[in-house]
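Chain and residue survey
Now for the letters of each chain:
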Amino acid sequence: MQFPKNIPCQAVMESLADGVFTVDRDWTVTSFNRAAGEIIGIAPEAAVGRKCWDVFHSSICDGACALKQCIATGDSLSNTSIFIVRPDGEKIPISISASPLRDATGTIVGGVETFRDISELQRMRKELQGIATLDDIVTKSRRMARMLEILPKIAASGSTVLILGESGTGKELFARAIHTQSPRRSGPFVAVNCGAIPGELLESELFGHAKGAFTDAKTARKGRFASAKGGTIFLDEIGDMPLALQVKLLRVLQEKVFEPLGSDAPQAADARVVAATNRDLEAMVAEGTFRRDLFYRLGVVRLVLPPLRERPEDIALLTAHFIAGQNAVQGKNVLGASQEVMRLLLHHDFPGNVRELQNILEYAFILCPGGQIGLEHLPDYLRPSGPLGAEVRPPAEAPTMRAAKHAAVMAALARHQGRRMAACRELGVTKDTLRRILELGPGA
């Protein structure tokens, strides 16, 4: 491109509605126009002189960089959709085009990239397709769409929220959406898996400890509630919290104070609490293993996320969503899933829910070089026993859901020589879910 001699190149760049920036061979930003600053959320003068990945934080910065490809090959790239993360944490979908930058002798001295914000375009397209979105959540399910509709109001309320649902249904995604839609969005989001930390250590993890509180406490340490000051603390697997600690959490919710382990000096608790579990808390209350008062205090707002098998209309949508994400991350050009794969996925029970579908597609990307994902690219446990590509049909006498789950668990255990955690990882379920399936048996 050549500009009239009486018009400076920079003036032309500043007149463009698209963002434009250039880098040298060391990936240092050498120019950055006004539109780029508005889209990214950073002043142009603050971007120039920094490495491009420190400015953009895009979905292709980890190995699939468009500019890197253009500089290496000397070719241009047009209209590739990715997303960037602004300094305030907001994800912005953008469309980019990139080309190598050459000097007067034709030597490549860097690269130039133009980009535009396509948020509104994507929103309109999804509305026309009946798709509801919020942050990283996409759905066609009316039940889920209703939750997304009221989520901004829930986020603005400041109330405690209890998110219920099977493992892999997206409880943390909803928790993060509540945070990013709330007045506390500029504060930290701190996630704690209460089931992954031994009960005797969980109190110190949540509330911190004073010096000398126990044998190895050589220095004072602040806990997750202190780290979440001004933001949101997400207590995942809240059903695994010991009863003794439940009493202390109840005090935090009621009095907005906590005491570090080994200290009698109360500290203010300035964090919004969002909790989640895949366990039946009402049954646990009846059994006496979860406090009734804490259950009602946590569940001021209660969201119940449906499993993927109850919203099959989302399977194709999420498949396309995850494929687009993997294309951006891995720099591949997988066009989609074949009809045989989609037919199989629509018949699958998804005990691991959305997380299982995401893992299936991530695995398929390892084996699929491009084009369409076929049956041969899927994990072994999903493949039909007949010839690849044969139509997937339900058996003449379909087993009950309970029997199918039990059979899947037993097959996974056999493949892993009885190792339960390995079976859990393959199936995408928690150890508690696997245990319950085994206890219930295949049924009549």
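One structure accompanies this document, and this report is about it. Note that the structure is a prediction, hence the values are computed from the model and not measured. (Residues numbered from 1 in each chain as written. Predicted model: local features only at pLDDT ≥ 70, side-chain atom pairs only at ≥ 80, totals over all residues. Heavy atoms only, no water.)

Right, let's get into the packing of helix α9 (residues 199-207) against helix α11 (residues 243-255). If you want to describe how two helices pack, look at the angle between their axes and the distance between the axes. Contact pair α9 / α11: the axes reach a minimum separation of 10 Å and the direction vectors enclose 15°. Classified by the angle their axes make, α9 and α11 are roughly parallel. Once α9 is placed against α11, the crossing between them reads as left-handed. Contacts between α9 and α11 involve L202, E203, L206 and F207 from the former and L245, K248 and V252 from the latter. Grouping the amino acids of the contact of α9 with α11 by side-chain chemistry returns five nonpolar, no polar and two charged. (Axes fitted to C-alpha atoms, helices over the stretch in contact; angles between N-to-C directions. Helix = DSSP H or I, 4+ residues; strand = E, 2+ residues; numbered from the N terminus. Parallel < 35°, antiparallel > 145°, perpendicular 65-115°, else oblique. Left-handed = near helix turned anticlockwise from the far one by under 90°. Contact = heavy atoms within 4.5 Å. Nonpolar A, V, L, I, M, F, W, Y, C, P; charged D, E, K, R; others polar.)

This part covers the sheet that holds strand β1 (residues 19-24). Strand order in the open sheet formed by five strands is β2-β1-β5-β4-β3, and the pairing between neighbours is antiparallel. Each end of this open sheet is capped by a strand with a single partner; those strands are β2 (29-32) and β3 (77-85). For this sheet, the mean angle separating the axes of adjacent strands, direction not counted, is 30°. (Pairing = 2+ DSSP bridges.)

According to the stated counting rule, one finds 15 salt bridges in the structure shown. Salt-bridge contacts for R34 lead to E38; the nearest nitrogen and oxygen are separated by 3.2 Å. Placement of both R34 and E38 in helix α2 (residues 34-40) is noted, with a separation of four residues, approximately one turn of the helix. Between R311 and D314 there is a salt bridge; the shortest N-O distance is 2.7 Å. Looking at D314, the relative accessible area reads 0%, which means it is buried. Each member of the salt-bridge network shares a partner with another, and the members are E205, R221 and R224. (Salt bridge = Lys/Arg side-chain N within 4 Å of Asp/Glu carboxyl O. Buried < 20%, exposed > 50% of the residue type's maximum accessible area, 1.4 Å probe, protein only.)

Two strands pair when backbone bridges link them, and β3 and strand β4 (residues 91-102) are joined in this way by seven bridges, in the antiparallel orientation. Across the sheet, I84 pairs through a bridge with I92, a residue of β4. Following β3, the chain reverses through five residues before pairing antiparallel with β4; G89 in that reversal takes a positive phi of roughly 90°. Across nine bridges, the pairing between β4 and strand β5 (residues 108-117) is antiparallel. Bridge pairing in β5 places S99 opposite V112.

The next point concerns the environment of C368. Summarising the element assignment, C368 is placed in the loop between α16 (353-367) and β16 (371-373). Its relative accessible area of 0% is what places C368 among the buried residues. For the pair C368 and K332, spaced 36 residues apart in the sequence, the C-alpha separation amounts to 9.3 Å. Each residue touching C368, except ones within four places of it in the same chain, is listed here: K332, V334, I373 and H377.

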